[in-house]
Amino acid sequence: MKDKKNKILCFTDDAVGRDVEMLLPVRYFAERFLNCEFYHALNIDIHQIYRIKPDLILQANTIGSNLYFQISKIAHEQNIPLFALISEGNFRTDGSFDYWGFNRKKKFYQSYVCCWSERTSEFLKKEIAEASQKIVVTGGVGFDRYTIYKFMKKEDFLHKYDKKQYKKIIGYAGWAFGKLDHKRGRDELLYWGRGDENIFTWIEQQRQKVRDILKQSIENNPDILFVLKQHPQENAPERPEPVKNEMSELTHYENVVYLCAEESIHDLISVSDLWTCFESTTALEAWLMGKQTIFINPEQDFNRDPLYKGSPLVQSYNEFQKLIDQFYLQNRIENFFDKDKELMREKLIKDIIGFGDGMNHIRASYYFQQTLKESHDSRIKPKYLFHFWHWLVYVLIRIAGPFYNRAVYSRLYKFKKHLWIFENYKMEKLESLYKKYIPFFEEFYKDKRIEEKNTNATLFNELLR
């Protein structure tokens, strides 16, 4: 008789996006080598714990939202093993980052704290000495996809959006300018601005300046298609109306495609010849995919991560146009390949995501495996407790879900805050993504001889030494 499979209940805040991309690689390894079967649920669907009765709960993080924290606390109280990654692992180590987030108890309930880099790991070990034994380095798991997957081709993108007349594409990753439009966003920007309300004026000025640089570039390069991507966290769930950002006033141009959540960021980087931004970690993702990058910064000195040091910076349209011309004439931006910038990119990749070899999910899977082993060895068994409120939320979603109509529900006060739930609670998009990714994993594992190394017990020794 086959061994009983380990039931893994995986919570995410959406059916697609960053957190999903982090967890699917771990799922693949666990299903292939650790005798696991996976169940997926939105993090508001907490009743699934009682329904599924998992052997282990898996999350992208435990601090990024109140729901993630609530689940981690429930897992702790009910003796259910919890394994979690970190969604925002590129945090500052100067004391300005709130590494507890929504964790009001200031206690790690997960088995391991999986840091992206030695830099952040050493910082947390000093800051939270009592938890130092839990703190490990896995690398940024979500970045493995840039090494493993094959992405959308330019020709397919142009066909999809009926822009086949274009041969050149420049991509732009939006910043959080649209947060000025709503209270939650303004609170987040105020925190980022360290409590100084003057930051709102500065942000609006920068929004307009970046918009004008993009506008001139779009108007003066009619043969180039500009793909403009809204920041995924720019809006708020309770406010489905479109935000006003640095791109939203440019959507009427023929050579513009403005996208919100329609395409994955990795596909947009893939189809672009050149990747640009105001300030975005997508620059690092572009480097992993072999793309050249430009930062558009009318003012360069502001509260920011050092990521910009690996790219050319432009402050005006003229500077931007000069680099565009150089790129399409030579297929390279000279300043991007400056020796100091190349060394800086290597350092940034190490400091930010730890490793760029596609193996971070396997490093994380080692600690996932250890969590399973510890749970099997433990004499303390989980107690799956019924909670009326969680059950009620589960039932209400299933009653209202089949009748979901975005145009109608977005007009209803109690419903418009929760459109994302009705659109994703079945997790169909996630399962579709996973099926799409499996062949890429299979090819990568074959190329890297993962099965062979796992069988002869050398896999983890190589990666964790």
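Rules used throughout
- Residues numbered from 1 in each chain as written.
- Predicted model: local features only at pLDDT ≥ 70, side-chain atom pairs only at ≥ 80, totals over all residues.
- Heavy atoms only, no water.
- Pairing = 2+ DSSP bridges.
- Helix = DSSP H or I, 4+ residues; strand = E, 2+ residues; numbered from the N terminus.
- Salt bridge = Lys/Arg side-chain N within 4 Å of Asp/Glu carboxyl O.
- Buried < 20%, exposed > 50% of the residue type's maximum accessible area, 1.4 Å probe, protein only.
- Axes fitted to C-alpha atoms, helices over the stretch in contact; angles between N-to-C directions.
- Parallel < 35°, antiparallel > 145°, perpendicular 65-115°, else oblique.
- Left-handed = near helix turned anticlockwise from the far one by under 90°.
- Contact = heavy atoms within 4.5 Å.
- Nonpolar A, V, L, I, M, F, W, Y, C, P; charged D, E, K, R; others polar.
- Expected span 1.5 Å × (residues − 1).
- Polar contact = N/O pair within 3.5 Å; in protein donor to acceptor, adjacent residues only side chain to side chain.
- Arc of directions from axis to C-beta.
- Core = buried A, V, L, I, M, F, W, Y, C linked by side-chain atoms within 4.5 Å.
- Phe/Tyr/Trp six-rings, centres within 6.5 Å; stacked < 30°, edge-to-face > 60°.
- Patch = residues over 30% accessible without salt bridge, like charges linked within 9 Å, V, L, I, M, F, W, Y side chains within 5 Å.
- Areas by Shrake-Rupley, 256 points an atom, 1.4 Å probe, with all protein chains shown as cover.

The strand order across the open sheet built from 6 strands is β9-β8-β7-β10-β11-β12, with neighbouring strands paired in parallel fashion. Strands at the two margins of the open sheet, each flanked by one partner only, are β9 (256–259) and β12 (313–314). Pairing of strand β8 (residues 224–229) with β9 involves 4 bridges; the strand directions are parallel. Among the inter-strand pairings, V227 is bridged to a residue of β9, identified as V257.

Taken as a whole and judged by the stated rule, the model has 28 salt bridges. A salt bridge links E204 to R207, with the shortest nitrogen-to-oxygen separation between them at 2.9 Å. Of this pair, E204 and R207 are both found in helix α8 (residues 199–220), 3 residues apart, which corresponds to roughly one turn of the helix. The class for E204 is partly exposed, based on a relative accessible area of 25%. Measuring nitrogen to oxygen at the nearest pair gives 3.2 Å for the salt bridge that ties E462 to K453.

Moving on to the packing of helix α1 (residues 18–33) against helix α18 (residues 428–447). Taken N-terminus to C-terminus, the directions of α1 and α18 make an angle of 60°; their axes are 10 Å apart at the nearest point. On the basis of the axis angle, α1 is oblique to α18. When you trace α1 past α18, the crossing you get is right-handed. Residues V20, E21, L24, P25, R27, Y28, F29, E31, R32 and F33 of α1 form the contact with α18, whose participating residues are L430, E431, L433, Y434, Y437, I438, F441, E442 and Y445. The residue makeup of the contact of α1 with α18, split by class, is 13 nonpolar, no polar and 6 charged.

Before going further, it helps to examine helix α3 (residues 66–77). Here α3 spans 16 Å end to end across 12 residues, near enough to the 16 Å set by a 1.5 Å rise per residue. Inspection of α3 places Y68, F69, I71, S72, I74 and A75 among the buried residues, and these make up the whole buried set. Where α3 is buried, its residues meet β1 (6–12), α1, α2 (48–52), β3 (56–59), β4 (82–84) and α14 (388–400). N79 occupies a position one or two residues after α3 and carries a positive phi of about 60°.

With that out of the way, let us pick up the side chain of T282. The topology assignment puts T282 in helix α10 (residues 282–288). A polar atom in the side chain of T282 sits 2.9 Å from the side chain of W275. Of the polar contacts made by the side chain of T282, one reaches the side chain of S280; its length is 2.6 Å. Not counting residues within four places of it along the chain, the set of residues in contact with T282 comprises A173, I265, I269 and W275.

Bringing unusual backbone geometry into the picture now. The backbone of N79 shows a phi angle near 60°, a positive value even though the residue is not glycine. Relative to the elements of secondary structure, N79 occurs in the loop between α3 and β4. Its relative accessible area of 30% is what places N79 among the partly exposed residues. In the Ramachandran plot, M427 falls in the positive-phi region, its phi being about 60° despite a non-glycine side chain.

Here we come to α8. Across its 22 residues, α8 extends 32 Å between first and last C-alpha, which sits within 8% of the 32 Å expected from 1.5 Å per residue. Within α8 the residues assigned to the buried category are I199, F200, W202, I203, Q206, R207, V210, R211, I213, L214, S217 and I218. Along the long axis of α8, the arc covered by the buried residues comes to 165°, so they all point the same way. Elements in contact with the buried residues of α8: β7 (168–173), α7 (183–192), β8, β9, β11 (292–296) and α11 (317–330).

Relative to the helices and strands, V136 resides in strand β6 (residues 135–137). For the pair V136 and F278, spaced 142 residues apart in the sequence, the C-alpha separation amounts to 32 Å. Contacts of V136, omitting those with residues within four sequence positions, involve Y112, V113, C114, C115 and Y367.

Turning next to the pairing of β8. The element β8 is extensively covered by neighbouring structure, given that 6 of its 6 residues are classed as buried. Neither face of β8 is open: one carries I224, F226 and L228, the other L225, V227 and K229, and all of them are buried. Looking at chain direction, β7 and β8 are connected through 6 bridges and run parallel. By the bridge assignment, I170 is partnered in β8 with F226.

So, on to the nonpolar core. Grouped burial of nonpolar side chains is what soluble globular proteins tend to show. Judged by nonpolar contacts, the single largest core of 130 residues is most densely connected at L58, F157 and F368. Among residues more than four places away in sequence, those in contact with F368 are I8, V26, A30, L34, C36, F38, L56, L58 and F83.

On to the packing of aromatic side chains, then. Going through the model one piece at a time under the given rule, you end up with 37 aromatic pairs. Residues Y28 and Y445 carry aromatic rings whose centres are separated by 5.0 Å and whose planes lie at 85° to one another, so their mutual orientation is edge-to-face. Residue Y28 is located in helix α1, and its partner Y445 is located in helix α18; the two are separated by 417 residues in the primary sequence. Y445 shares its class with Y28; the two are buried. For the ring pair Y149 and Y437, a centre distance of 3.9 Å and an interplane angle of 20° mean the geometry is stacked. With Y149 in the loop between α5 (145–148) and α6 (154–160) and Y437 in helix α18, the pair connects residues that are 288 residues apart, well separated along the chain.

Looking now at a nonpolar patch on the surface. Together, Y50, F386, F388 and W391 make up an exposed nonpolar region whose accessible area comes to about 410 Å². Mapping F388 onto the fold places it in helix α14. A relative accessible area of 52% places F388 in the exposed class.

Attention shifts here to the pairing of β3. Going residue by residue along β3, you find L56 and L58 tucked away on one face and I57 and Q59 tucked away on the opposite face as well. Of the pairings in the sheet, the one linking β3 to β4 comprises 3 bridges and is parallel in character. Residue pairing for β4: L58 is matched across the bridge by F83.

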